[in-house]
Amino acid sequence: MIKVVGLGVQNGDLSLRGAEAIEGADVVVVKTALTNTYKYFIEKNIKHETLDFLYEKSEDFDDLDSSIVEYLKAICNKNVAYCVNGNGADDRSVIKLSQICDVQIIAGVSRELSVISSHPSTSVVKVSAYDIAGDKAFGYDKSYPLAVVDIDNAFIASEVKEILSRVVGEECKIIFINGEKQIEICVYELDRQSNFDYTTGVLVEPFSLTDKQEYNFVDLMRIMYKLRSKNGCEWDKAQTHESIRKNLIEEAYELVEAIDNEDIDNIIEEAGDVILQGVFHAVIGEDEGEFNSNEVITHLCNKLVTRHTHIFGNVIANNADEALKAWEAAKAVEKSQQSIADKINGVAKALPCLQKAAKYQKYLAKAGMDFENISQIKDKIFEEINEVLGASNSNLEMECGDLLFAVVNLLRFLGVDGEVALNKACAKFAGRVVIVEQMCEKKGVALGDLTAAEQDNLWQEAKKNENR
């Protein structure tokens, strides 16, 4: 068995149990002599060996930890005391070692304990700087203090600064700890400090729900729970799946409009509104005992994993088209869609009709049933126009639908999204109407009082103004 002894952070942190384990060991191995805790072995004249020679041979920390594990595995049949800084359980080499050897940990003073000493708390979120470096998705529950440890050099400090700038803001005050030194700095000052070593860490104090500069998904859920609680908002409490179902369509179109306008600020706002609708339904489902937000997120993550077989499986996709085919193939398996009819019946009934028609046609085209060229589609459109013009009142609606369906085929062939195209046409039309009425106002006449020729002249002039 290997007894892992946590040496703590400063000389003097070693526990009595830890000292007894070191004294009773046949072999004492100290991970590194380059710390304050190493003084104990010199002062007590304890026979030991250090692993600093492995540091010099290793390419990175992963390589170092693997080398340490191999070294200790060779002597694990002896009574070994392996001494590491911190509490012992959070050392990377110990984590690897425990997977292959029988390990007993005699805990010492933890690094996060030294970090949160300025802000005592029953709970703390502790992370290693090396675990979060480069993690664009890192976030945490800001209702609890955050202790970031292992900030042992300026480079990793810069990485932590970038993450904290995004999560809490670069002006946020944090506590910088190095040994026994504790000072308050702003996040942007983190990598400007003069000393970094194994004792260095930072503490971000907790925020109240209304004081946060940046929120995350946990905060959003907390707000929604509060709004739907007994003492929450009466309107939010009164909503059901049915009462807010149309809101999602409205918010989705507002997001599309923001994207079309290349309005970044509005994209941020409208994307948030779309997310809100999903969260709202999740909280309603939880209140009704139907499902909860974790089920929604789990289902989504499972779908992303199982349908990206070219990322999480053995399917190869070298471009976007191949990636889409892989997705659709995985979806067909998941939905048990064995035929074209299965896929068509799987299209959402509430989808806007132009999009629905394009999806129907796409599925049929992939099965090999499609027009050969645009000329054939043009002939089909003229055929449908003649049928509309010759239709009886009872068949007129159906024939008009056939005409629109044929036009969607042309748009699909040209690679144009019918919804987007028609939306832009409507916007252009509305803009021209505004220009025409402004010209009428300047002339002191009403649009309805003009002749058809005069109206057409104004319309053509509006088109010129629009182009300019």
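Residues numbered from 1 in each chain as written. Predicted model: local features only at pLDDT ≥ 70, side-chain atom pairs only at ≥ 80, totals over all residues. Heavy atoms only, no water.

A surface patch of nonpolar side chains, about 310 Å² in accessible area, is lined by I374, F413, L414 and V416. Along the chain, V416 turns up in the loop between helix 19 (393–414) and helix 20 (418–443). Among the residues examined, V416 registers a relative accessible area of 36% and is labelled partly exposed. (Patch = residues over 30% accessible without salt bridge, like charges linked within 9 Å, V, L, I, M, F, W, Y side chains within 5 Å. Areas by Shrake-Rupley, 256 points an atom, 1.4 Å probe, with all protein chains shown as cover. Salt bridge = Lys/Arg side-chain N within 4 Å of Asp/Glu carboxyl O. Helix = DSSP H or I, 4+ residues; strand = E, 2+ residues; numbered from the N terminus. Buried < 20%, exposed > 50% of the residue type's maximum accessible area, 1.4 Å probe, protein only.)

On to the sheet that holds strand 1 (residues 2–6). The strands that make up a sheet are held in pairs by hydrogen bonds between backbone atoms, and each pair lies either parallel or antiparallel. Ordered in space as 3-2-4-1-5, the five strands form an open sheet in which the pairing is parallel. The open sheet is flanked by strand 3 (49–50) and strand 5 (103–106), the only strands paired with a single partner. One ladder, built from four bridges, connects strand 2 (residues 27–30) with strand 4 (residues 80–84); its direction is parallel. Residue pairing across strands places V30 opposite C83, the latter belonging to strand 4. (Pairing = 2+ DSSP bridges.)

Let us look at helix 15 (residues 320–334). In an α-helix, one turn spans 3.6 residues, which is why side chains three or four residues apart end up on the same side. With 15 residues, helix 15 extends 21 Å between its outermost C-alpha atoms, agreeing within 8% with the 21 Å of an ideal straight helix rising 1.5 Å per residue. Among all positions in helix 15, only A323, A326, E328, A330 and A332 are buried. Against the buried residues of helix 15 lie helix 13 (293–307), helix 14 (309–312), helix 16 (340–345) and helix 17 (353–366). Between a side-chain oxygen at the N-terminus of helix 15 and the backbone nitrogen of D321 the separation is 3.2 Å; the capping residue is N319. Positive phi shows up at S336, right after helix 15, with a value of about 55°. (Expected span 1.5 Å × (residues − 1). Contact = heavy atoms within 4.5 Å. Polar contact = N/O pair within 3.5 Å; in protein donor to acceptor, adjacent residues only side chain to side chain.)

Looking now at unusual backbone geometry. Located in the positive-phi region is D150, a residue other than glycine, with phi close to 70°. Mapped onto the elements of the fold, D150 is located in the loop between strand 7 (146–149) and helix 8 (154–167).

Their axes nearest at 9 Å, the elements helix 13 and helix 15 cross at an angle of 120°. In this view, helix 13 runs oblique relative to helix 15, as classed from their interaxial angle. For the pair helix 13 and helix 15, the contacting residues are K303, T306 and R307 in the first and A326, W327, A330, K331 and E334 in the second. Considered class by class, the residues forming the contact of helix 13 with helix 15 number three nonpolar, one polar and four charged. (Axes fitted to C-alpha atoms, helices over the stretch in contact; angles between N-to-C directions. Parallel < 35°, antiparallel > 145°, perpendicular 65-115°, else oblique. Nonpolar A, V, L, I, M, F, W, Y, C, P; charged D, E, K, R; others polar.)

Time to look at the nonpolar core. If you look at the biggest cluster of nonpolar residues, it comprises 25 residues, and the most contacted ones within it are V148, I151 and V168. At six residues, helix 8 tops the list of elements feeding residues into this core. Excluding its chain neighbours within four sequence positions, the residues that come into contact with V168 are Y140, K142, V187, V204, F207 and Q213. Grouped together as the second largest cluster of nonpolar side chains are 17 residues, V29, L51, L72 and V84 included. (Core = buried A, V, L, I, M, F, W, Y, C linked by side-chain atoms within 4.5 Å.)

Quick look at the sheet that holds strand 8 (residues 173–178) now. With respect to topology, five strands assemble into an open sheet ordered 6-7-10-8-9, the strand pairing being mixed. Two strands lie at the open edges of the sheet, namely strand 6 (125–128) and strand 9 (181–186), each paired on one side alone. Each adjacent strand pair in this sheet contributes to an overall mean axis angle of 25°, direction not counted.

Below, the discussion takes up the packing of aromatic side chains. Scanning all chains against the criterion turns up eight aromatic pairs. Ring geometry for F429 versus W459: centroids 5.4 Å apart, planes at 50°, classification tilted. Taken together, the residues F429 in helix 20 and W459 in helix 21 (residues 452–467) connect sequence positions 30 residues apart. For F429, a relative accessible area of 49% puts it in the partly exposed group. Put simply, the rings of Y38, Y40 and F41 pair up and form one aromatic cluster. (Phe/Tyr/Trp six-rings, centres within 6.5 Å; stacked < 30°, edge-to-face > 60°.)

Let's shift gears to the environment of D456. Its location among the elements puts D456 in helix 21. With 287 residues separating them in the primary sequence, D456 and G169 have C-alpha atoms 57 Å apart.

This paragraph deals with helix 8. For helix 8, with 14 residues, the first-to-last C-alpha span of 20 Å sits near the 20 Å given by 1.5 Å per residue. Taken residue by residue, helix 8 has I156, A157, V160, K161, I163, L164 and V167 as its buried positions. Buried residues along helix 8 sit in contact with helix 7 (129–132), strand 7 and strand 10 (201–204). Where helix 8 begins, the capping side chain belongs to N153, and its oxygen is found 3.0 Å from the backbone nitrogen of F155. Immediately downstream of helix 8, the backbone of G169 shows phi near 100°, a positive value.

A word on the side chain of S293. Looking at the element boundaries, S293 is found in helix 13. Those residues within four positions of S293 in sequence are excluded, and the remaining contacts are M221, Y225, A282 and E286.

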